[in-house]
Amino acid sequence: MIFTTSLLFSGLPIFALTLIVWIGHACFKYHQYERMRVQFGCSPFKHYPSWDRILGLDYVYDMVKAIKENRFLEFQKETYSASGAKVWRANFLGNRMIYSSESENMKAVSTSHGDCFAVEPIRVGNGAITPFPGRGVSSSDGAKWQASRDLVKPYFDRAGYSNLQRLSQHVDRLLDKIPKDGSVIDMQPLFQRWFLDTSTDFLFGETVNSLDKPENQWPFRDMIAVMAGLRLRLQLSSFLFLHRDPEWLAACKRIHVFLDTYIEKAYKQLEDEKNGMQATYASGEARNDFLWTIARQVPDKLELRTQLTAVWIPSNETTSILMSNTLFALARHPEVVQKLRKEILKYGDKLLTFEGLRSIDYLRWIINESHRLYPVSLQTVRACVKNTSLPTGGGTHGKAPIFCAKGDIVHCNRYLMHRDPDFWGSDAEIFRPERWAEVRPLWNFVPFGGGPRICPAHVMVDTECSYTIFRILQNFKAIEPRDDEPYTAVMRVGPSNKNGCKLSFVPA
Ligand code: HEM
């Protein structure tokens, strides 16, 4: 007892000294921040009403709880409304986070102020993604990003416009799997297999054909585990060193082996090409898939895998979720289905082309409406790497510029922007494709982001989705919902519907 008491007293001066240094440092940082804010001509802005202003543990706890309870989207609404503003800040494990649902800030972060923001500090900085995927196009900045972007971009320009023929065989297989006798089918897992098949075809030049061989869908299952682990690792931020997950590492390893098989084959065919043997598909057509277009430019295997992985990641649970969400909404709006079907039938038996698809305005509006209400990517997140300001969110009216300090993390929330009644009107929460006849949303509608980092696959994604919906409605005259559950977002890669998309179809 005497020993413990003496230890306590001998420890006290050290504790008191640490506390004084810490308080002194915090005061210094606060004054430095305020001085810079004034220098940048910015107004103060709202703080999330946390009781823990040091680490924000209550905020972190609420967020983790919301994710676990599949209430992450509701949590977004609740936190903005608790802060009473469209722009506010919170402390997250000692880091200052700025949350914004203002389109002007999204635009500034993505374009005019882009050089003050980066992704590497949040995606690579703490080693979160080093085992998977490494520094590719979506996780690098500056010269490394530009080189990666230049490498991958040409493929998407071409593929987006010219793949309908190749896409059709995958859609034929999908249509074969839809019951014609009105029995119930969950379209979400079917679209996921369809997406795995088209992605492996377009990226690696050969499909795993999981629609016909369900046992081949394991890479997609592993990718869900890999992405969930990645999300957790990124969120752990500076506490990552406390985390061990051998299962996650094993799933990463299996995916690496999967990708390496295609890479080795491509390198082998490049060698054969030097000896005059042209690489072709089984059909005899010359090879022109994504891996083939980049493999000849990247002789280092590890670097090639990194670049390939950066495109392979969004090839899981993106387009498939968009399609599932679109059918989910269509099944609940039979009047929209009938109107769209009329447009589709007008097209007749003409060969369906990219231009033909784009000419059907109502189809484009439906897909926009799906992107708007159920964005597959919720937020644009960037680390501030240079003191700067953002155009709006401060002062008493929340419209004055706000200060953004080096080290702050900015979250531009497209989920809330896309449902903001101030822009979209009082029916913002309602699926109404007709609104697209009038609105010109610019930065209020950015499902694919914007500026130099805009999703390079955006034309391809919308083309694939339009084409598939077109073919479904050519073959079926009605789609009926077969569960009463509301859309409930579960956070996997992005949000997807926990209850899937259970429907029955009436053949045409
Ligand atoms: C519904 C489907 C999709 C949506 C909504 C979507 C959305 C996005 C968004 C919001 C970004 C970030 C843009 C930014 O930081 O400003 C992005 C980046 C990216 N997306 Fe997509 N995406 C989709 C599908 C795909 C697909 C299928 C691929 C590849 C086949 C892909 C490849 C990429 C790449 C490589 C980047 C990184 C671009 C860069 O940092 O320069 N995306 N996407």
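Residues numbered from 1 in each chain as written. Predicted model: local features only at pLDDT ≥ 70, side-chain atom pairs only at ≥ 80, totals over all residues.

Labelled according to an unreviewed UniProt entry, the protein appears under the name Cytochrome P450, originating from Mollisia scopiformis.

Caption draft 1: Inspection of the overall build of the protein at higher detail. Scanning the protein for helices and strands turns up 19 helices and 13 strands. A compact globule built from 508 residues should have a C-alpha radius of gyration of about 23 Å, and the protein, at 25 Å, falls within 12% of that. For the C-alpha atoms alone, the extent of the protein along its principal axes is close to 85 × 60 × 50 Å. Looking at the protein as a whole, 38% of its 508 residues are labelled buried. (Helix = DSSP H or I, 4+ residues; strand = E, 2+ residues; numbered from the N terminus. Rg over C-alpha atoms; globule rule 2.2 N^0.38 Å. Buried ≥ 20, exposed ≤ 12 C-beta atoms within 10 Å, placed from the backbone.)

Caption draft 2: Quick look at the pairing of strand 6 (residues 379-384). Where burial is concerned, most of strand 6 is hidden: five out of the six residues are buried. With two bridges joining them, strand 4 (residues 117-118) and strand 6 adopt antiparallel strand pairing. When the sheet's bridge partners are listed, A118 is paired in strand 6 with A383. For strand 6 and strand 9 (residues 409-413), the ladder comprises five bridges, and the chain directions are antiparallel. Bridge pairing links T380 to C412 in strand 9. (Pairing = 2+ DSSP bridges.)

Caption draft 3: A look at unusual backbone geometry. The omega torsion of the bond from F132 to P133 falls at 10 degrees, within 30 degrees of zero and hence cis. On the secondary structure map, P133 appears in the loop between helix 5 (120-123) and helix 6 (142-162). Of note, N209 is a non-glycine position whose phi angle comes to about 50 degrees, a positive value. With respect to the helices and strands, the residue N209 is situated in the loop between helix 8 (187-204) and helix 9 (218-236). Judged by the 16 C-beta atoms lying within 10 Å of it, N209 is partly exposed. Of note in this structure, E317 is not a glycine but carries a positive phi near 55 degrees. Topologically, E317 is positioned in the loop between helix 12 (301-312) and helix 13 (319-331).

Caption draft 4: The packing of helix 7 (residues 164-177) against helix 19 (residues 458-475), seen in detail. It is at 10 Å that the axes of helix 7 and helix 19 come closest, and there the two elements cross at 45 degrees. One finds that helix 7 runs oblique with respect to helix 19. Both helix 7 and helix 19 take part in a crossing whose hand is right-handed. Contacts between helix 7 and helix 19 pair L164, L167, V171 and L175 from the former with E464, Y467, T468, R471 and N475 from the latter. Residue composition of the contact of helix 7 with helix 19, grouped by class: five nonpolar, two polar and two charged. (Axes fitted to C-alpha atoms, helices over the stretch in contact; angles between N-to-C directions. Parallel < 35°, antiparallel > 145°, perpendicular 65-115°, else oblique. Left-handed = near helix turned anticlockwise from the far one by under 90°. Contact = placed C-beta atoms within 7 Å. Nonpolar A, V, L, I, M, F, W, Y, C, P; charged D, E, K, R; others polar.)

Caption draft 5: Molecular detail of the environment of A225. Position of A225 relative to the elements: it lies in helix 9. Look at A225 and you get partly exposed, because 18 C-beta atoms sit within 10 Å. The spacing of A225 and W248 is 23 residues in sequence and 6.9 Å in space, taken between C-alpha atoms. Residues within four places of A225 in sequence aside, it is in contact with W248 and A251.

Caption draft 6: Region of interest: helix 9. The terminal C-alpha atoms of helix 9, which comprises 19 residues, lie 27 Å apart, in line with the 27 Å expected from a rise of 1.5 Å per residue. Check the buried side of helix 9 and you find it contacts helix 8 and helix 10 (246-274). Two residues or fewer after helix 9 comes S237, characterised by a positive phi angle close to 50 degrees. (Expected span 1.5 Å × (residues − 1).)

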